[in-house]
Amino acid sequence: MQDNIEIRNPATGAVAATLPSSTTVELENTLSLLKQGQRDWAKVPLQDRLECIIQFGQLILANKQELSEILTNETGKPITQSLNEINGAQNRIEHLRKNATKWLSEEVVVSEGATLENIRYEPLGVIANISAWNFPYNVGFNVFLYALVAGNAVLYKPSEFATLTGLQFAKYLYQAGIPENVFHCIVGDGRIGEHILSLPLDGYFFTGSYKTGLHIATTVAHKLVPVQLELGGKDPLYVADDVADIKQAAVSAAEGAFYNNGQSCCAVERIYVSALIYDRFVEAFIEEVASYRVGDPMDVDTFIGPLTRAEQLVVLEDQVKDALQKGARLRLGGHVLEGKGYYYAPTVFDHCDHRMALMCDETFGPLIGIQKVSSDEEAIGLMQDTAYGLTAAVFSSDRDRAMRILDQMDTGTVYWNCCDRVSPNVPWSGRRNSGLGSTLSAQGIRAFVQPKAYHLRP
Ligand code: NAD
């Protein structure tokens, strides 16, 4: 029996498409094709594999208007942000173009004497890429483009909330010269994802929630193949009393919290502000958030669209109720918006503390809590009071002061006077409940290969 998946437009709740879900039999047949295809693909010279990816990038850019509309229709991401994502994700391709040869080529380590010693970097084989919906270009490219360049075949499962975009990736990869038995897009939800875990793949690369990531890692642990997890966060931002421009700090913090409706893994999820500037910061922050245009995501001026998943509205309502009960002060929003679609009013609380769920659990929506602190030490303690470890940010005009704080953060990424930012030049990694392993940078290129040591006596 075959299930269908329904793709709904979050702006209206209407069904935008119905697609047959991949079946377990299809999945098994696909895997044997990928196994064959991968062996040939690994023999294609690296430069030719890279050329395919560069061509793919050009095809994506040439079709970005249509692709941005597909993304907006299925996720509710405002169209300007869909276009930004499509343009921005090109930097992964540029990073590969400049660095793949350096990090994937054979290394001659000892070239003189009786025994020569070399390292070759071999692909892992056929890897699974189980992905999220919130930035399908960014998080997808971090994995499947890097895997393909390294000579792997990829079984790609986009989120059921970004399926149409995932199918477009397959179409343009094939047009760019990637063989059909080297990349395959699976259609379906967690049930087909679960079946992927039972198949003999050579690596599992996952982007999504902590709960699913933990389940995947424990389920496949016995296979002893590489597992990478890019998971959620509860990312703190601390605004110190010496910020050069309080208004500018508030504008940047608000954008970090509300871009993509707060549905970024590295969105600012909680804010600590020095008591000395607290009132001025909070006023500027509220003024900025109140100015956001909420509405139809197809409108180029919209900054806040609907949430992607209707069920997240309940998470937001629960966090709001909990914060009110525990004494937080509601300064803006705090309710579902009337009418069609999954809209929640941009919401700001102050006078928050760590008894409240909105300061401790991932919110993943347009809701933020602000807490007053009296010293850097208090801020450090609160920022570190979490099981997550994705990013942490400090706004201060004093670099040494900021670095002293950031050095104490147990997170994969830290920011000084910026936030909610990913660059292909540096590793993207989470610690503890935020993940395992790195994508991007040299580490992210090497994540898709295994070293083989050669001891050679001529
Ligand atoms: P999710 O865990 O619900 O789903 C992710 C993927 O896993 C989907 O493709 C889903 O179909 C699949 N899946 C679900 N159950 C499965 C199972 N039992 N076996 C195999 N696959 C299964 O997460 P989501 O809602 O798509 O994404 C949101 C989460 O992702 C947030 O927590 C966010 O912070 C995180 N995220 C992290 C990063 C990062 O780089 N660290 C980037 C983007 C999103």
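Not measured: the values here are computed from a predicted model.

(A) Representation of the overall build of the protein chain within the structure. Assigned secondary structure in the protein chain consists of 15 helices and 22 strands. Its C-alpha atoms give the protein chain a radius of gyration of 23 Å, within 12% of the compact-globule value 23 Å for 458 residues. Expressed as a percentage of the 458 residues in the protein chain, the buried residues total 57%. Sequence-distant contacts in the protein chain: of pairs separated by 6 or more residues, those separated by 24 or more amount to 71%. When the accessible surface of the protein chain is summed, it comes to about 18600 Å², and 52% of that surface belongs to carbon and sulfur atoms. Charged side chains of the protein chain number 39 positive and 54 negative; the gap between the two group centres comes to 3 Å.

(B) Main features of the site of the ligand. The ligand sits among 31 residues. The nearest are Glu-160, Ser-209, Thr-212, Leu-231 and Glu-362. The contact in question runs from an oxygen atom of the ligand to an N or O atom on the backbone of Ser-131, over 2.8 Å. Thr-212 is positioned such that a nitrogen or oxygen atom in its side chain is 2.8 Å from an oxygen atom of the ligand. In isolation the ligand exposes 860 Å². Once the protein is present, 90% of that is buried. With 4 residues, the top contributor of residues to the shell around the ligand is helix α8 (residues 190-198). Grouping the constituent residues of the shell around the ligand by class yields 13 nonpolar, 11 polar and 7 charged. A domain split of the shell around the ligand shows at least three residues from each of domain 1 (4-231 + 431-456) and domain 2 (235-423).

(C) Region of interest: the packing of helix α2 (residues 46-62) against helix α7 (residues 163-175). It is the contact of α2 with α7, at a shortest axis distance of 8 Å, that shows an interaxial angle of 125°. As far as their axial angle goes, α7 and α2 are oblique. Classified by chirality, the crossing of α7 by α2 is right-handed. Along the contact surface, α2 presents Ile-53, Phe-56, Leu-59 and Ile-60, while α7 presents Phe-169, Tyr-172, Leu-173 and Gln-175.

(D) View of the packing of aromatic side chains. With the rule as written, the count across this model stands at 18 aromatic pairs. Look at Phe-141 and Phe-144: their rings are 5.8 Å apart centre to centre, the planes differ by 75°, and that puts the pair in the edge-to-face class. Note that Phe-141 and Phe-144 are positioned in helix α6 (residues 136-149) at a spacing of 3 residues, about one turn of the helix. Residue Phe-141 is classed as buried on the basis of its relative accessible area of 0%. For Phe-144, a relative accessible area of 0% puts it in the buried group.

(E) Molecular detail of the domain arrangement of the protein chain. Each assigned domain of the protein chain is listed with its residue range as follows: domain 1 (4-231 + 431-456) and domain 2 (235-423). The distance between the C-alpha centroids of domain 1 and domain 2 comes to 30 Å. Between domain 1 and domain 2, the residue contacts involve 28 residues of the former and 34 residues of the latter. Carbon and sulfur atoms supply 54% of the area that domain 1 and domain 2 bury against each other, a total of about 2700 Å² over both sides. In terms of surface lost to domain 2, no three residues of domain 1 exceed Trp-133, Arg-431 and Arg-432, which account for 22% of the buried area on that side. In this structure, the connection of domain 1 to domain 2 is made through 2 salt bridges. Secondary structure elements with two or more residues in the side of domain 1 that touches domain 2: α3 (64-75), α4 (79-88) and β19 (431-432). Residue composition of the side of domain 1 that touches domain 2, by class: 10 nonpolar, 11 polar and 7 charged.

(F) Representation of the environment of Asn-152 within the structure. Take Asn-152: it is sitting in the loop between α6 and β6 (153-157). Residue classification places Asn-152 among the buried residues on the basis of a relative accessible area of 0%. Spatially, the C-alpha atom of Asn-152 lies 12 Å from that of Arg-446, the residues being 294 residues apart in sequence. A polar contact is formed between the side chain of Asn-152 and the backbone oxygen of Phe-448, at a distance of 3.0 Å.

Criteria and thresholds
- Residues numbered from 1 in each chain as written.
- Predicted model: local features only at pLDDT ≥ 70, side-chain atom pairs only at ≥ 80, totals over all residues.
- Heavy atoms only, no water.
- Helix = DSSP H or I, 4+ residues; strand = E, 2+ residues; numbered from the N terminus.
- Rg over C-alpha atoms; globule rule 2.2 N^0.38 Å.
- Buried < 20%, exposed > 50% of the residue type's maximum accessible area, 1.4 Å probe, protein only.
- Contact = heavy atoms within 4.5 Å.
- Areas by Shrake-Rupley, 256 points an atom, 1.4 Å probe, with all protein chains shown as cover.
- Lys, Arg positive; Asp, Glu negative; His and termini not counted.
- Charge placed at Lys NZ, Arg CZ, Asp CG, Glu CD.
- Near = heavy atom within 4 Å.
- Polar contact = N/O pair within 3.5 Å; in protein donor to acceptor, adjacent residues only side chain to side chain.
- Nonpolar A, V, L, I, M, F, W, Y, C, P; charged D, E, K, R; others polar.
- Domains from an automatic or database assignment.
- Axes fitted to C-alpha atoms, helices over the stretch in contact; angles between N-to-C directions.
- Parallel < 35°, antiparallel > 145°, perpendicular 65-115°, else oblique.
- Left-handed = near helix turned anticlockwise from the far one by under 90°.
- Phe/Tyr/Trp six-rings, centres within 6.5 Å; stacked < 30°, edge-to-face > 60°.
- Buried area = accessible area lost by both parts, 1.4 Å probe.
- Salt bridge = Lys/Arg side-chain N within 4 Å of Asp/Glu carboxyl O.

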